[in-house]
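In case you want the letters, here they are:
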Amino acid sequence: MKARPALGRFRSEKAARRYFAGYDAEIGNWPVPLEPLDVRTAYGTTRVYRAGAREGLPVMFLPGMGGNCLGWFHASGPIGARHPIYLLDPLGTAGRSDQTAPLTDAGDQAAWLGEVFDGLGLPRVYLAGFSYGGYMALWQAIRTPERVAGMTLLDPAAFRVAGLPHLAWGLGCAITMMLPPPLRGPLARLLHSDSLNRAEEVKVGISGTYLYEGAQPAMIPLTDEELSAVKTPTRILFGKHSTMQDSAAVARRLARVLPAAEVELVPGTGHAIALDAPALVNARILDHTATIGG
């Protein structure tokens, strides 16, 4: 198996040109105005897009493994109507960030994200994390609890390494996206992923997984001791049909080790809940942020 590169990189100049043609078009068609910011850190320059309200509790969105700001198209307007929002292209993923030093583990990643907070002048941030972004958010709450005002985690990939069912689901989604629209519906229902019916919205973001060689730290499942250290107000939404984990079993575990967390299993959804149920996700985030002081 080919080793993961120490620094993220496009597979070729042609791959970079292809990716950014789609990326720039998506950014240009964003539903709300975006202010691009480049934040220097010890690990490289991070591209952040600021939007939304000028005052209030800031909300930062953390995408899944290999993802970037493009996954939050449907969240920007509703969440930004009440909060300043920040969309990241994480280091080690396709996007407008420029990685110059490796992120070797979750500690490095938490240090990098803390530097992003500093560069943006944000003493406290509310984190919304999908999949691997949920893992990032949990570690940030463990390492720098004073900086994380609250979190909504969307089918967080923090409890076990992805197995064959999840890999098969991902392959099924990739195949379905290439089919004509009339053929997508039955497979989207089978895969519990409604966003496959809107494949054009997600194709550019997903293309980074094969046009770019990622360099994010591997996810190492959190222990009970680590989870019990989380004191940040936390809401967790699991897809009831998630292939990333046994959602019901993880919910029972969290009731034991993280009893203060609000946990919900969302019927009819799988792992890609952030893309498949954006209206529900936005409502849950706004409901939770309303309980937290800025």
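This text follows the structure it describes.
Model, not experiment: these values are computed from the prediction. (Residues numbered from 1 in each chain as written. Predicted model: local features only at pLDDT ≥ 70, side-chain atom pairs only at ≥ 80, totals over all residues. Heavy atoms only, no water.)

A.B. asks: Got a sec to walk through unusual backbone geometry? Specific residues and values, please.
C.D. replies: Across the chain, the bulk of peptide bonds are trans and the bulk of non-glycine residues have phi less than zero. One non-glycine residue, Asp155, lies in the positive phi region at around 45°. As for its placement among the helices and strands, Asp155 is situated in the loop between strand E8 (148-154) and helix H5 (164-177). Relative accessible area serves as the criterion here: at 0%, Asp155 is assigned to the buried category. For His192, which is not glycine, the phi torsion reads 55° and is therefore positive. As for its position among the elements, His192 is in the loop between helix H6 (181-190) and helix H7 (199-211). (Helix = DSSP H or I, 4+ residues; strand = E, 2+ residues; numbered from the N terminus. Buried < 20%, exposed > 50% of the residue type's maximum accessible area, 1.4 Å probe, protein only.)

A.B. asks: Report on the packing of helix H1 (residues 13-28) against H7, specifying residues and quantitative values.
C.D. replies: For any two helices packed against each other, the geometry is given by the interaxial angle and the distance between the axes. Look at H1 against H7: their axes get within 10 Å of each other, and the N-to-C directions meet at 150°. By the angle between their directions, the pair H1 and H7 is classed as roughly antiparallel. Between H1 and H7 lies a crossing of left-handed hand. For the pair formed by H1 and H7, the contact residues are Ala15, Arg18, Tyr19, Gly22, Tyr23 and Glu26 on the first element and Glu200, Glu201, Val204, Ser207, Gly208, Tyr210 and Leu211 on the second. Its residues placed into classes, the contact of H1 with H7 shows six nonpolar, three polar and four charged. (Axes fitted to C-alpha atoms, helices over the stretch in contact; angles between N-to-C directions. Parallel < 35°, antiparallel > 145°, perpendicular 65-115°, else oblique. Left-handed = near helix turned anticlockwise from the far one by under 90°. Contact = heavy atoms within 4.5 Å. Nonpolar A, V, L, I, M, F, W, Y, C, P; charged D, E, K, R; others polar.)

A.B. asks: Account for empty space enclosed by the protein, with residues named and values stated.
C.D. replies: Evaluation of the coordinates by the stated rule reveals one cavity of 30 Å³ or more. Estimated volume of the largest cavity: approximately 30 Å³. What lines the largest cavity is Ala106, Gln109, Ala110, Leu113, Met136, Trp139 and Gln140. Sorting the residues of the lining of the largest cavity by element identifies helix H3 (106-120) and helix H4 (132-143) as the ones contributing at least two each. Ranked by residues supplied to the lining of the largest cavity, first place goes to H3 with four residues. Counted by class, the lining of the largest cavity contains five nonpolar, two polar and no charged residues. (1 Å grid on protein atoms, 1.4 Å probe; cavity = no way out; pocket = protein on both sides within 12 Å on 5 of 7 lines; lining within 4 Å. Points joined across faces, edges and corners; volume = space filled by probe spheres on them.)

A.B. asks: Explain the environment of Ala21 to me, and be specific about the residues and the numbers.
C.D. replies: By the secondary structure assignment, Ala21 is in helix H1. You can call Ala21 exposed: its relative accessible area is 52%. For the pair Ala21 and Val204, spaced 183 residues apart in sequence, the C-alpha to C-alpha distance is 9.2 Å.

A.B. asks: An account of the pairing of strand E3 (residues 44-52) is requested, with residue identities and associated values reported.
C.D. replies: With eight of its nine residues buried, E3 lies for the most part within the structure. Judged from the seven bridges that link them, strand E2 (residues 35-41) and E3 form a sheet pairing that is antiparallel. By the bridge assignment, Glu35 is partnered in E3 with Arg50. Taking the residues between adjacent antiparallel strands as the criterion, E2 and E3 are bridged by two residues. Inspection of the sheet shows E3 paired to strand E6 (residues 98-99) by two bridges, in the antiparallel sense. Within the sheet, the bridge partner assigned to Thr45 lies in E6 and is Asp98. Two strands pair when backbone bridges link them, and E3 and strand E5 (residues 84-89) are joined in this way by six bridges, in the antiparallel orientation. Looking at E5, one finds that Val48 is bridged to Leu88. (Pairing = 2+ DSSP bridges.)

A.B. asks: Explain the layout of surface pockets to me, and be specific about the residues and the numbers.
C.D. replies: If a probe the size of a water molecule is rolled over the atoms, the empty space left behind becomes visible. In this structure, the second largest pocket encloses a volume near 250 Å³. At the level of secondary structure, the elements contributing two or more residues to the lining of the second largest pocket comprise H1, H5 and H7. Top element by residues in the lining of the second largest pocket is H7. It accounts for six residues. Here the lining of the second largest pocket is built from residues that sort into eight nonpolar, two polar and two charged.

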